[in-house]
Amino acid sequence: MTVQMTSDQKKAFLLLKSIIFNYHGLNEDEQAILKATAQNLSAAEELKWAEDFIGSDVFTAFERAREFFNATIGTYDTQTKLSYLNMVWEATNSKGFISEMEATAILKLARDWGVQKELLTLVRK
């Protein structure tokens, strides 16, 4: 991954990826994907922040993350929003499958950010 991101963007992206993977419980493959992403982005601290965000209350993590995303990623341009969601979609597929819960969570965020139609077009390709 050759994307240049600020620390805040890394936090948002790693929280996005983490929250989707944690939606049904984080497995070893997903942990490895998250660690590799953090390494590629030089974002170990940002991954720790995302883990702490989720770990502080696993049951409310997705809704709290939605609020966080609406204030951060939700303000990004359409292309960046789609890029983040597509990277997470592809990472989820890279483990061999995307669960219905993961797909629903990604689509819910796309709807929050006003890019659901564009994301569906992108992932159908």
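Quick caveat: nothing in here was measured; it's all calculated off a predicted structure.

1. Examining the overall build of the protein
In step 1: From N to C terminus, the protein includes seven helices and zero strands.
In step 2: In sequence order, the secondary structure elements of the protein are arranged as α-α-α-α-α-α-α.
In step 3: The principal-axis extents of the C-alpha atoms in the protein amount to approximately 30 × 30 × 30 Å.
In step 4: By the burial criterion, 42% of the 125 residues in the protein qualify as buried.
In step 5: Only carbon and sulfur atoms are counted for the fraction: they give 50% of the accessible area of the protein, which is about 6,800 Å².
In step 6: Separation of charge centres in the protein, based on 14 positive and 17 negative side chains, amounts to 5 Å.

2. Remarks on the confidence of the model for the protein
In step 1: Scored by pLDDT, the protein comes out at a mean of 93, with 98% of its residues at no less than 70.
In step 2: Ranking the elements of the protein by mean pLDDT puts helix 7 (residues 116-124) last, at 93, and helix 3 (residues 44-55) first, at 97.

The rules behind the values
Within every chain, residues take consecutive numbers counted from 1 along the sequence as written. Totals for whole chains, interfaces and linings use every residue, but because this is a predicted model, local features are given only for residues with pLDDT of at least 70 and side-chain atom pairs only at 80 or more, for both listing and counting. Side-chain calculation: all heavy atoms of the structure are included, whereas hydrogens and water are not. Only runs of H or I of at least four residues qualify as helices and only runs of E of at least two qualify as strands under DSSP, and these elements are numbered from the N terminus. A simple rule labels every residue: compare its accessible area, found with a 1.4 Å probe on the protein chains alone, to the largest value its type can have, and call it buried under 20%, exposed over 50%, or partly exposed in between. Note on areas: these come from Shrake-Rupley sampling with a 1.4 Å probe, and a residue is covered only by the protein chains present in the view. By the counting rule applied here, Lys and Arg register as positive and Asp and Glu as negative, while His and the ends of each chain are not counted. The atoms used to mark charge sites are NZ of Lys, CZ of Arg, CG of Asp and CD of Glu. Values of pLDDT, the confidence the predictor places in each residue, fall between 0 and 100.

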